Amino acid sequence: MIIPTYNWQFTPQVEDEDFTKIAKKAGLGPEVARLLYSRGVKDQEALSHFLTPTLDDLHDPYLLHDMDKAVERIRRAIEDGEFILIYGDYDADGITSASIVKESLEQLGAEVEVYLPNRFTDGYGPNASVYKYFIEQQGISLIVTVDNGVAGHEAIDLAQSMGVDVIVTDHHSLPEVLPDAYAIVHPEHPDAAYPFKHLAGCGVAFKLACALLEEVQVELLDLVAIGTIADMVSLTDENRIMVQYGLEVLRNTQRMGLQEMFNIAGIARNDVTEETVGFQLAPRLNALGRLDDPNPAIDLLTGFDDEEAHDIALMIHEKNEERKEIVQAIYQEAKAMVDPAKKVQILAKEGWNPGVLGIVAGRLLEELGQTVIVLNLEDGRAKGSARSIEALDIFEALDPHRNLFIAFGGHAGAAGMTLEADKLDTLSEVLESYALDKGLDTTKNNLALDEELDLEALTIDVVKNFERLAPFGMDNQKPVFYIRDFQVENARAMGASNAHLKLKISKGTSNFEVVAFGKGSLAAEFAQARNLELAVTLSVNQWNGQTTLQLMMVDARVDGVQLFNIRGKSVPLPEGIPVLDFTKDLPDLTTSPAVVVKNIPEDLNLLKQIIQEQDFSAIYFKNDIDKAYYLTGYGTREQFAKLYKTIYQFPEFDIRYKLKDLSTYLKIEQILLVKMIQIFEELEFVTISDGVMKVNKDASKREISESQIFQDLKQTVKVQEMMALATVQEIYDFLMEK
């Protein structure tokens, strides 16, 4: 059945006449003006800043806390020939952050070493053992952290005690007590009033680079764009400016490593958008840190050896393919462990790669609409990641129970944790109680629908108008539109393993294609759905020199009961839906939103009662019929006369052995012939004893219609015709009749 993934929330439509005129002068239609107005862009100045941001609008980097101290200390280290360690992180933001600072310091002549921690051996953030190694073995005398550090008290205290200053540049949530670092450069630091709080790690690193080099480093903005998009921070204010300019730099990048990544991934550089970064570049960079040592990514992004760049890009591509396979395998195993009775799914197993469990949890959250925790079991401990729906703040729920954990951290929507495996039941009880006590709707996230779209007025020019609002991301989401009152002309599965879905829909004279990722198994349902409503985004598809408008499905729902025709021998039963098989014990249907009617009971009132009482959201009609009387009919007058004339010639007729021959001779189907003989017996035209039929030659003359068996057969034929040949809507209406 078609089940919406989200709770649909319609954004209130406000049309401001004055702003619509302003937007029109900028070449924007009223539908785009409405969207901008609802997102807080309400006057000429705001519109100009939004549509045509400039680098002049970037904030002064020295407004960041301790920026002056950081710059002074780094410059002094360069002048004194100190050896500087850049300590990053293993994700795309950490990789790009480290690359930005590395290139900036090298421009100033610094002697630099970069180290990205290994997820499995070093963990996240400053590691005291790693710091000690670089200080003692490599002669490091200054450490600059990027995309980490504010929670690294132990390692930073160690470094400072060994006479090595640590400059922290970070953007993660600040703990109550900050580490005793030489400088802490952070957009949310309480002792400064930086105008924009939502920089990614690479954004903070870029600010440091600009301060050190005393001007905006445009050539570094491609790395800023990658890290900012990958880390899913707010794409407003400075981030919007840096990403918009950064995407342009990326389209013309001179970085050999990025060029190789584009080539291997089949990405056309001119077509690079925030979606290219978010769905193709960033996952490849992240894959390295999820499975292995992330440090080769620094050489990829900052190196000048084209052969090495190719080799690293190819290796990263292969790691990403490996990551996909691992994710899919764990996803399948975890999905099979889901307990429908639970409000929060806690899924744990030995042998799962901890580096990809956040991805698996995210996929399951999208599919189930529930908070999901996926954990690897090893040596009596459970370690993994949580992804949570909006209604359940996972950090708030678990923060009071830190005694459960060996390690715990996160925010409202995501968390990482390590705990003893024998505490998993307690963890489940805590979360189930939290959801119950709060009275939370723990089923679905909300989906904001920006506008209802008139398909008949939709053109490529309208789509290009909306694309002027890009880059899209957090706090400037790609517009999601509501469409209805259209016809589904065709639905088919496509892609590898038929995993995806393509619809052809029409309204009036307008026709469009709709693509839905991961919905291939529902092709039959979408083909038959009535009153289908879709939430979609808009895109322009270019193929073989042709440009077409394409809708991308975000979610789908059906207004009313979903009725599906799966009659026919070759049509399989849908998976995971209870089956009404009246030849067996019937399943418990009290909590099921859908049902399959596999066959028709002799007493149709039983089926009617089930359908009328259960209030199903979806019904699949298989309607197998054991004895298809609707194909044989209930016997014509000529057939009854021919039967009587034939058996009258024999004083006795053994129907146990001669029935088949009689059926062949009379050209009457055997199932109908049995009924006709039963009718004759009821009307006392014949008697049957021990399988031997005798004609009663003294029987009174009676009409066939006097037989109750005949009347029941007529009714059976009528019902079977309905169940086999009528539309599913007609069948449903019939079953709902009181």
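What you see is a predicted model; the values in this text were computed from it and never measured.

Calculation criteria
- Residues numbered from 1 in each chain as written.
- Predicted model: local features only at pLDDT ≥ 70, side-chain atom pairs only at ≥ 80, totals over all residues.
- Heavy atoms only, no water.
- Helix = DSSP H or I, 4+ residues; strand = E, 2+ residues; numbered from the N terminus.
- Expected span 1.5 Å × (residues − 1).
- Bend = angle between axes of the 7 residues up to and from the residue.
- Buried < 20%, exposed > 50% of the residue type's maximum accessible area, 1.4 Å probe, protein only.
- Salt bridge = Lys/Arg side-chain N within 4 Å of Asp/Glu carboxyl O.
- 1 Å grid on protein atoms, 1.4 Å probe; cavity = no way out; pocket = protein on both sides within 12 Å on 5 of 7 lines; lining within 4 Å.
- Points joined across faces, edges and corners; volume = space filled by probe spheres on them.
- Nonpolar A, V, L, I, M, F, W, Y, C, P; charged D, E, K, R; others polar.
- Pairing = 2+ DSSP bridges.
- Contact = heavy atoms within 4.5 Å.
- Axes fitted to C-alpha atoms, helices over the stretch in contact; angles between N-to-C directions.
- Patch = residues over 30% accessible without salt bridge, like charges linked within 9 Å, V, L, I, M, F, W, Y side chains within 5 Å.
- Areas by Shrake-Rupley, 256 points an atom, 1.4 Å probe, with all protein chains shown as cover.
- Lys, Arg positive; Asp, Glu negative; His and termini not counted.
- Charge placed at Lys NZ, Arg CZ, Asp CG, Glu CD.

Would you mind showing me how to read helix α12 (residues 274-291) here?
Helical periodicity: at 3.6 residues per turn, an α-helix aligns residues three or four positions apart in one direction. Between its terminal C-alpha atoms α12 stretches 25 Å, which fits the 26 Å expected from 18 residues at 1.5 Å a residue. Most pronounced at alanine 282, the bend in α12 amounts to some 35°, and the proline proline 283 follows within four residues. Taken across its 18 residues, α12 has 14 buried, putting it largely inside the fold.

Explain the pattern of salt bridges here, please?
Where charged atoms from two side chains of opposite charge approach closely, those side chains can pair. Per the counting criterion, the structure on display carries 31 salt bridges. With a shortest N-O distance of 3.8 Å, lysine 438 and glutamate 396 are connected by a salt bridge. With lysine 438 in helix α17 (residues 424-438) and glutamate 396 in helix α16 (residues 394-398), the pair connects residues that are 42 residues apart, well separated along the chain. A salt bridge links arginine 484 to glutamate 452; its shortest N-O distance comes to 2.8 Å. Taken together, the residues span a long stretch of sequence, with arginine 484 in the loop between β14 (481-483) and β15 (487-494) and glutamate 452 in strand β13 (residues 451-452) at a distance of 32 residues. Taking relative accessible area as the criterion, arginine 484 reaches 35% and is therefore assigned partly exposed. The class for glutamate 452 is partly exposed, based on a relative accessible area of 44%.

Sorry, what's going on with the layout of surface pockets here?
In this approach the atoms are scanned with a rolling probe the size of a water molecule, which exposes any empty space left behind. Looking at the second largest pocket, its volume works out to about 720 Å³. Along the wall of the second largest pocket there are 20 residues; nearest its centre are Ile600, Pro601, Glu602, Thr716 and Gln720. Among the elements that line the lining of the second largest pocket, the one with the most residues is helix α25 (residues 708-725), at seven residues. Residue classes in the lining of the second largest pocket are distributed as nine nonpolar, five polar and six charged.

Can you walk me through the sheet that holds β13 in this structure?
Strand-to-strand pairing in sheets goes through backbone hydrogen bonds, with the strands running parallel or antiparallel. Strands sit in the order β13-β14-β18-β19-β17-β16-β15 across an open sheet of seven strands; the sheet is mixed. Bordering the open sheet on either side are β13 and β15, each of which pairs with just one other strand. Note: strand β18 (residues 532-543) against strand β19 (residues 546-558), twelve bridges, orientation antiparallel. Looking across to β19, one finds that glutamate 533 is bridged to arginine 557. The strands touched by helix α18 (residues 460-467) within the sheet are β13, β14, β18 and β19, with β18 carrying the most contacts at an inclination of about 90°.

For this particular structure, what's the right way to read the side chain of arginine 255?
Among the structural elements, arginine 255 can be located in the loop between α10 (237-251) and α11 (256-265). You can call arginine 255 buried: its relative accessible area is 11%. Among residues more than four places away in sequence, those in contact with arginine 255 are Glu103, Glu219, Leu220, Asp222, Leu223 and Leu301.

Looking at this structure, I do not really get empty space enclosed by the protein. What am I missing?
The final tally for this structure, using the stated rule, is two cavities of 30 Å³ or more. In terms of lining residues, the largest cavity is bounded by Val463, Phe466, Glu467, Phe472, Lys478, Pro479, Phe481 and Leu538. Among the elements that line the lining of the largest cavity, the one with the most residues is α18, at three residues. What the second largest cavity holds in volume is close to 30 Å³. In terms of lining, the second largest cavity is formed by Met256, Gly257, Asp299, Leu300, Gly303, Phe304, Asp305, Glu308, Ala309 and Ile312. Looking at the lining of the second largest cavity, the elements that each hand over two or more residues are α11, α13 (296-302) and α14 (306-336). Considering each element in turn, the lining of the second largest cavity owes the most residues, three residues, to α14. Residue composition of the lining of the second largest cavity, grouped by class: five nonpolar, two polar and three charged.

It is not clear to me how a negative patch on the surface should be interpreted in this structure. Could you clarify?
A surface patch of like charges, here negative, comprises Asp299, Asp305, Asp306, Glu307, Glu308 and Asp311. By relative accessible area, which is 36% here, glutamate 308 ends up partly exposed.

These figures capture arrangement, not role.
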